[in-house]
Amino acid sequence: MRRFIALAAAAVLAAGLLTGCGGGITGSSIKRPKVESEELQFQAPAEGDPIAIFNTSAGEVRAVLYPDQAPMAVENFTRLAQEGYYNGTSFHRIVSGFVVQGGDASGSGTTGSTIWNNNPYPKEISDQLHHYSGALCAAFSPDENVSGLSQFYFVQSLPEKLDGSLRTQMEEAGVRTEVIEAYDAAGGLPYLDYTDTVFGQVYEGMDVVDTLAQSEVDENGKPVEDVLLNSVTISTYGAADPAPASGSDGSDASSQAQSSSAAQSASQSASQAE
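Residues numbered from 1 in each chain as written. Predicted model: local features only at pLDDT ≥ 70, side-chain atom pairs only at ≥ 80, totals over all residues. Heavy atoms only, no water.

A. A look at the overall build of the chain. Of regular secondary structure, the chain possesses six helices and nine strands. Counting over 274 residues, the chain shows a buried share of 53%. Nonlocal contacts in the chain, meaning residues at least 24 apart in sequence, comprise 78% of its contacts between residues at least 6 apart. Accessible surface, the chain: about 11700 Å² in total, of which carbon and sulfur atoms supply 49%. (Helix = DSSP H or I, 4+ residues; strand = E, 2+ residues; numbered from the N terminus. Buried < 20%, exposed > 50% of the residue type's maximum accessible area, 1.4 Å probe, protein only. Contact = heavy atoms within 4.5 Å. Areas by Shrake-Rupley, 256 points an atom, 1.4 Å probe, with all protein chains shown as cover.)

Structure below.
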């Protein structure tokens, strides 16, 4: 396992999670298969599970949250969202085929906040949660000034089979077969499992994440034109859609909410996006 963690660290430095450059996939549509897996992130949300509703300039994304596995990350994100911290912010870093990252109110990717007087909180690593495509994660970095704060990202990797050498490394490191098979089916970033905290999973709107990922960016991955996060609303799965959060486009959010409510009654697994 130590060898895999060392390789993971090297991969993260090469990828530059917080300060890398763009590139990757193109096209307007990515076909994501339905993944049959017993892993937690591929189970449909249960009635009453906490969820986050992201109203973005490209549409709506819904993610189920996992307070039992990542209590501090969920608490920090939830309370900041309820206080309106994320409303009207922008996604400051997009790397197509990798991540869509936001959560810095300054829009620069160099700051952030927490509910604990802006003090960072520790990573929360759980073998129940992994960096599969669609994972919602708290961003950590060797730079202590921006690590463990309000920044988050969606894993936007393609649904591609694992590279043979990476699969071998995971097997030799003792990664569970179920996890390896889930990565192989859904795609993801397994080398981030020991570096960042996973605290949620997109169950509706992965097509929106894919659209966000195709935004034009500069050499640092910053969108050329603002890609907005109008609001983040915290609710529970199965509850009536809440009113649009302050700072969002009310009429647009309302129509999206009605559409999403109908779709939610026929929920697909967490990894599926039409």
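From this point, the narrative continues.
B. View of the pattern of salt bridges. Counted according to the given criterion, the structure contains twelve salt bridges. The partner of Arg62 in a salt bridge is Asp241, and the shortest N-O contact between them spans 2.8 Å. With Arg62 in strand S2 (residues 59-65) and Asp241 in the loop between strand S9 (228-236) and helix H6 (250-264), this residue pair connects regions lying 179 residues apart in the sequence. The salt bridge involving Arg167 is made with Asp184; its shortest N-O contact spans 3.7 Å. Of this pair, Arg167 sits in helix H3 (residues 164-172) while Asp184 sits in helix H4 (residues 177-186); the two residues are 17 residues apart in sequence, bridging distant segments of the chain. By relative accessible area, which is 11% here, Asp184 ends up buried. Several salt bridges converge on common partners, so that one network encompasses Lys161, Arg167, Glu171, Glu181 and Asp184. (Salt bridge = Lys/Arg side-chain N within 4 Å of Asp/Glu carboxyl O.)

C. Highlighting unusual backbone geometry. A positive phi is found at Asn117, a non-glycine position, where the angle reads about 55°. Along the chain, Asn117 turns up in the loop between strand S5 (99-102) and strand S6 (135-138). On the basis of relative accessible area, Asn117 is assigned to the exposed category, the value being 70%. The phi angle at Asn118 is positive, at roughly 65°, despite the residue not being glycine. Tracing the backbone through its elements, the reader meets Asn118 in the loop between S5 and S6. Under the relative-accessibility criterion, Asn118 is labelled partly exposed at 44%.

D. View of helix H2 (residues 71-82). In this model H2 runs 16 Å from its N-terminal to its C-terminal C-alpha over twelve residues, within 8% of the 16 Å that 1.5 Å per residue would give. Looking at H2, one finds that the buried residues are Ala73, Val74, Asn76, Phe77, Thr78, Leu80 and Ala81. Considering only its buried residues, H2 is in contact with strand S1 (50-56), S2, strand S7 (152-155), strand S8 (197-204) and S9. Once H2 ends, the next one or two residues include Gly84, with phi positive near 85°. (Expected span 1.5 Å × (residues − 1).)

E. Geometry of the packing of H3 against H4. Between H3 and H4, the shortest axis-to-axis distance is 10 Å and the interhelical angle comes to 160°. When the interaxial angle is binned, H3 and H4 end up roughly antiparallel. Classified by chirality, the crossing of H4 by H3 is right-handed. Of H4, the residues touching H3 (which contributes Arg167, Met170 and Glu171) are Ile180, Glu181, Tyr183 and Asp184. Of the residues in the contact of H3 with H4, the class split is three nonpolar, no polar and four charged. (Axes fitted to C-alpha atoms, helices over the stretch in contact; angles between N-to-C directions. Parallel < 35°, antiparallel > 145°, perpendicular 65-115°, else oblique. Left-handed = near helix turned anticlockwise from the far one by under 90°. Nonpolar A, V, L, I, M, F, W, Y, C, P; charged D, E, K, R; others polar.)

F. Region of the structure containing the nonpolar core. Phe54, Tyr86, Phe91, Phe152, Phe154 and Phe199 are the most contacted members of the largest nonpolar core, which totals 33 residues. Elements supplying a minimum of two residues to this core: S1, S2, H2, S6, S7, S8, helix H5 (206-213) and S9. (Core = buried A, V, L, I, M, F, W, Y, C linked by side-chain atoms within 4.5 Å.)

G. A look at the side chain of Asn55. With respect to the element layout, Asn55 can be found in strand S1. Of the residues examined, Asn55 reaches a relative accessible area of 3% and is grouped as buried. At a separation of 2.6 Å, a polar atom in the side chain of Asn55 contacts the side chain of Asn230. (Polar contact = N/O pair within 3.5 Å; in protein donor to acceptor, adjacent residues only side chain to side chain.)

H. Geometry of the sheet that holds S9. Spatially, nine strands are ordered S3-S9-S1-S2-S8-S6-S7-S5-S4 in an open sheet, and the strand pairing comes out antiparallel. The open sheet has two free edges, formed respectively by strand S3 (89-90) and strand S4 (93-95), since each of these has just one partner strand. As judged from the four bridges shared by S6 and S8, these two strands associate in the antiparallel manner. Of the residues in S8, the one forming a bridge with Ala135 is Gln201. Lying on the sheet, H2 is in contact with S1, S2, S7, S8 and S9; it crosses S9 at an angle near 115°. Contacts from H5 reach S1, S2, S4, S5, S7 and S8, with the element oriented near 120° to S2. (Pairing = 2+ DSSP bridges.)

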